[in-house]
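Per-entry structural report
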Amino acid sequence: MSGILIVAEHTRGALADLSLELIGAALTLKESLGGPLRALVTGETAEDFVSALNRPGVDEILVAKTDNPHFDAAVNEEAVVSAALAVRPALILIGHSASGGSFAAAVAVRLGSGFAADVFGLEAAASGVKATRGAYGGKVNVELDFPDKPVVVLTVRGATFKAPEGVGGATVTPLALALDGVKGRCRHRGFEEAPASNIDIGKAEFILSIGRGIQDEKNVPRFAALAEKLGATLGCSRPVADSGWLPKPHQVGLTGKVAGNCKLYLALGISGAVQHQHGMKHVETIIAVNTDANAPIYAVATHGCAMDVFAFADALERRIG
Ligand SMILES: Cc1cc2nc3c(=O)[nH]c(=O)nc-3n(C[C@H](O)[C@H](O)[C@H](O)COP(=O)(O)OP(=O)(O)OC[C@H]3O[C@@H](n4cnc5c(N)ncnc54)[C@H](O)[C@@H]3O)c2cc1C
């Protein structure tokens, strides 16, 4: 067993960013694990994604062309197991997404492999690979290794690893699948669009984020207007999204979005729970405003302001006019 296999995913003609991030994740271990890095892509239009997957460091792209126009968990499970039996990788990386989650564990069971889900850290270990994931609702990080497992299957969290840029020199190999008895276990019922949102927390450079400290839904428009005036994207903590004060795409954190491109994060009335910090603690400059001087947000803030958010907003509004 050697090398790494990543499993690409795509929906309605678009390759998921996560597929390229898996290549980035694999590259962090390629040298230590040895062997080639392969990408597997399946589906009726599998060939369409070959050139996008041909990034530096990818040695081979396995194309499992099927006649199913939509994602099918059973077909993907079969494709990954077939590819694994054909090329014998030491590590298989699958996206921690709705589609990845629907077949990754089944693949691990069939291969008798080590398994961990929602991994956000990878390191080489004496026994092969060490994976980091959260536990107890994200309150602690757990490091796992997999002694005596010749193959390990991991699902990897999105927006965690950087996709490599540029064009590689991968070879392309068709992979024939025996799908008798596999197809038809699931039926595609249609696509349902998530509510439209014109904000992208992952791409925003300046985020003004509000938490339960703003007290009431009726105060949201004031902070939304302030964000707009400052040229900031409006973010929020989970209770703000869960209460329906703002739509879910505004939420920062473990079960929201990671502020991956943010340079300045203004946290207003946010306590700074670990799950919120997961999405923002890496930001270069964090300004926190919270009446509680002992709030956990101050542990990660660059500048702190232990005052009332409304008095802070008054002062800022006076300043910017
Ligand atoms: C599995 C799991 C996943 C989660 N995922 C997320 C996630 O993705 N994102 C997320 O945010 N949370 C997440 N949470 C919830 C998280 O644990 C916290 O409950 C949440 O972040 C708290 O939000 P908050 O800071 O707005 O509210 P609170 O914890 O209630 O904090 C409000 C803060 O406002 C301050 N405040 C009050 N009044 C004022 C005022 N007038 N002026 C200034 N400050 C004031 C208070 O001192 C307090 O610190 C998750 C929890 C679990 C278990």
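On a predicted model such as this, the values are computed, not experimentally measured, just so you know.

1. As for the nonpolar core
One finds Ile 6, Ala 26, Leu 40, Ile 92, Leu 93 and Val 153 to be the most contacted residues of the largest nonpolar core, which totals 54 residues. Per-element tally for this core: the top contributor is helix α1 (residues 17–33), with eight residues. In contact with Ile 92, not counting residues within four places along its chain, are Leu 5, Val 7, Val 80, Ala 84, Val 107, Val 151 and Val 153. In this structure, Ile 201, Leu 208, Ala 232 and Tyr 265 belong to the second largest nonpolar core, which totals 33 residues.

2. Here's the deal with the sheet that holds strand β11 (residues 171–174)
Hydrogen bonds between backbone groups are what pair the strands of a sheet, and the pairing can be parallel or antiparallel. With mixed pairing, the nine strands of this open sheet are ordered in space as β9-β8-β7-β10-β6-β1-β4-β5-β11. The open sheet terminates on both sides in strands that have one partner only, identified here as β9 (140–145) and β11. Looking at each pair of strands side by side, their axes are set apart by 35° on average, direction ignored. Two strands pair when backbone bridges link them, and strand β7 (residues 114–125) and strand β8 (residues 128–135) are joined in this way by six bridges, in the antiparallel orientation. When the bridges of β8 are listed, Gly 121 appears paired with Thr 132. Most of the contacts of helix α3 (residues 73–87) go to strand β4 (residues 37–43), to which it runs at about 150°, and overall it touches β1 (4–7), β4, β5 (60–65) and β6 (91–95).

3. With respect to unusual backbone geometry
Look at Arg 12: it is not a glycine, yet its phi comes out positive at around 45°. Note that Arg 12 resides in the loop between β2 (10–11) and β3 (14–15). On the basis of neighbour count, Arg 12 is assigned to the exposed category, with 9 C-beta atoms found within 10 Å. A positive phi is found at Arg 88, a non-glycine position, where the angle reads about 50°. One can find Arg 88 in the loop between α3 and β6.

4. Points about the site of the ligand
Surrounding the ligand, one finds 27 residues, the nearest of these being Gly 211, Gly 213, Ser 237, Arg 238 and Gly 253. Contributions of two or more residues to the shell around the ligand are made by α7 (238–242) and α8 (274–277). Across the shell around the ligand, the residue classes tally to eight nonpolar, 15 polar and four charged.

Conventions we followed
- Residues numbered from 1 in each chain as written.
- Predicted model: local features only at pLDDT ≥ 70, side-chain atom pairs only at ≥ 80, totals over all residues.
- Core = buried A, V, L, I, M, F, W, Y, C linked by C-beta atoms within 7 Å.
- Buried ≥ 20, exposed ≤ 12 C-beta atoms within 10 Å, placed from the backbone.
- Helix = DSSP H or I, 4+ residues; strand = E, 2+ residues; numbered from the N terminus.
- Contact = placed C-beta atoms within 7 Å.
- Pairing = 2+ DSSP bridges.
- Axes fitted to C-alpha atoms, helices over the stretch in contact; angles between N-to-C directions.
- Near = placed C-beta within 6 Å.
- Nonpolar A, V, L, I, M, F, W, Y, C, P; charged D, E, K, R; others polar.

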